[in-house]
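Residues per chain, in single letters:
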Amino acid sequence: MPAHVDSALRHARARLAPGEAELLLMHVLGRGHAWLYAHGDAPLAAADAERFDELVARREAGEPVAYLTGRRGFWSLELQVGPATLIPRAETERLVELALERLPPDTGCRVADLGTGSGAVALAIASERPRARVVATDASSAALEVARANAGALGLANVEFRHGDWFAPLAGERFHLVASNPPYIAEGDPHLARGDLRHEPPRALASGPDGLDDIRAITAVAAAHLEPDGWLLLEHGHDQGGPVAALLQEAGFCAVATLADLEGRARVSLGRRPA
Ligand code: GLN
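Residues numbered from 1 in each chain as written. Predicted model: local features only at pLDDT ≥ 70, side-chain atom pairs only at ≥ 80, totals over all residues. Heavy atoms only, no water.

*Asks:* I'd love a proper account of the overall build of the protein chain, names of residues and values included.
*Replies:* The number of helices and strands found in the protein chain is ten helices and nine strands. Principal axes of the C-alpha set define a box for the protein chain whose edges measure 70 × 40 × 35 Å. Here the protein chain, with 275 residues, has 49% of them falling under the buried criterion. A separation threshold of at least 6 residues defines the contact pool for the protein chain, and within that pool the share at least 24 residues apart is 64%. Of the charged side chains in the protein chain, 27 are positive and 37 negative; the average position of the first set lies 3 Å away from that of the second. (Helix = DSSP H or I, 4+ residues; strand = E, 2+ residues; numbered from the N terminus. Buried < 20%, exposed > 50% of the residue type's maximum accessible area, 1.4 Å probe, protein only. Contact = heavy atoms within 4.5 Å. Lys, Arg positive; Asp, Glu negative; His and termini not counted. Charge placed at Lys NZ, Arg CZ, Asp CG, Glu CD.)

*Asks:* Mind laying out the pairing of strand β2 (residues 77–80), listing which residues take part and the relevant values?
*Replies:* Here β2 shows a buried face lined by Leu77 and Leu79 and an unburied face lined by Glu78 and Gln80. Taken together, strand β1 (residues 71–74) and the strand that follows it, β2, pair antiparallel across an intervening segment of two residues, in which Trp75 is found at a positive phi of about 55°. (Pairing = 2+ DSSP bridges.)

*Asks:* With reference to specific residues and values, describe the side chain of Arg267.
*Replies:* Here Arg267 is to be found in strand β9 (residues 266–272). Within the structure, the side chain of Arg267 is placed 3.1 Å from the side chain of Asp261, a separation counted as a polar contact. Among residues more than four places away in sequence, those in contact with Arg267 are Glu91, Arg94, Tyr184, Leu234, Glu235, His236, Leu259, Ala260 and Asp261. (Polar contact = N/O pair within 3.5 Å; in protein donor to acceptor, adjacent residues only side chain to side chain.)

*Asks:* Lay out the site of the ligand in plain terms, naming residues and giving numbers.
*Replies:* Looking at the ligand, the residues that line it are Leu86, Pro88, Thr92, Gly115, Thr116, Gly117, Val121, Asn181, Pro182, Pro183 and Ala204. Taking Thr116, its main chain carries an N or O atom lying 3.4 Å from a nitrogen atom of the ligand. One nitrogen or oxygen atom from the main chain of Ala204 is found 3.0 Å from a nitrogen atom belonging to the ligand. Bound to the protein, the ligand loses 96% of the 300 Å² it would expose on its own. Its residues assigned to classes, the shell around the ligand comprises six nonpolar, five polar and no charged. (Near = heavy atom within 4 Å. Areas by Shrake-Rupley, 256 points an atom, 1.4 Å probe, with all protein chains shown as cover. Nonpolar A, V, L, I, M, F, W, Y, C, P; charged D, E, K, R; others polar.)

*Asks:* With reference to specific residues and values, describe the packing of helix α2 (residues 20–29) against helix α4 (residues 46–60).
*Replies:* For the pair α2 and α4, interaxial distance at closest approach is 10 Å and the crossing angle is 140°. As summarised for this structure, α2 and α4 are arranged oblique, according to the angle between their axes. The way α2 lies across α4 gives a crossing that is right-handed. Where α2 abuts α4, its residues Glu20, Ala21, Leu24, Leu25, His27, Val28 and Leu29 lie against Asp48, Arg51, Phe52, Leu55, Val56 and Arg59. (Axes fitted to C-alpha atoms, helices over the stretch in contact; angles between N-to-C directions. Parallel < 35°, antiparallel > 145°, perpendicular 65-115°, else oblique. Left-handed = near helix turned anticlockwise from the far one by under 90°.)

*Asks:* An account of the nonpolar core is requested, with residue identities and associated values reported.
*Replies:* Membership of the largest hydrophobic core comes to 33 residues, with the highest contact counts inside it found for Leu123, Ile125, Val159, Phe161, Leu177 and Leu233. When residues in this core are grouped by element, the largest group, seven residues, is from helix α7 (residues 120–128). If we skip the residues at most four places from it in the chain, Val159 touches Ala122, Leu123, Ala126 and Val134. (Core = buried A, V, L, I, M, F, W, Y, C linked by side-chain atoms within 4.5 Å.)

*Asks:* Describe the sheet that holds strand β8 (residues 254–260), and please don't skip the residues or the numbers.
*Replies:* With respect to topology, seven strands assemble into an open sheet ordered β5-β4-β3-β6-β7-β9-β8, the strand pairing being mixed. The open sheet is flanked by β5 (159–163) and β8, the only strands paired with a single partner. The sheet shows a mean angle of 15° between the axes of neighbouring strands, taken without regard to direction. As paired strands, strand β3 (residues 110–114) and strand β6 (residues 175–180) are joined by four bridges and run parallel to one another. Bridge pairing in β6 places Ala112 opposite Val178. Sheet strands touched by helix α9 (residues 213–222): β3, β6 and β7 (226–235). Its angle to β7, the strand with the most contacts, is close to 170°.

Encoded structure:
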């Protein structure tokens, strides 16, 4: 009996987390949610049914949905993602919100995003602040290729990408705001061996014995790359608010604060370079 949209979904829903079967079928069919719900009785071509079964099996075996579809929604943007980049997370939208609160809409400010991965943070800021100039860096040229493709597909011309570690490609430049979602998981943390994290680039996730090596490297030199009164915003783990705030204070930042994400967990610490 040929499979229909509904029967294929029903079968897959029983094996996957909520919403995943729909994302995979939408990807196979090149259709959106609305089409899927309006066409439950549409027959599936054999090739589509086979491709869908294969993706469901790979998902069941642990491959991240975003790598199977090559797409992930972040902020208001649809991004291309792949195994060269971290999969953008909803909680990182908090970093974007806090950055936007500090970037007046109509001024031509300069913003840096360090470790941009797929470009998520830089592109979200660039899309909301068309007059801002955003520079995004990454040590992975494969990640930068993805980020550049995203900027091109979204038609965002106010972002520029540079290859290198943290501030290395920004020698002598100063910004009004620097944001980063750096790796912050402790090496050896059992979470690295679970779920999507097993498939993501280790360099995008882990950072030394306490997870803070990269945050230390960034806070140590950030002030030299900020305008007076400029902001540094760092995403980190829910239990790292105290240590990251302390690093910001040691580096001479003022107005240091740690803010929570929507789930009430410490997520971003920030500070301002004294004038
Ligand atoms: N800035 C990117 C993101 O937030 C990549 C972060 C990373 O690789 N640690 O998705």
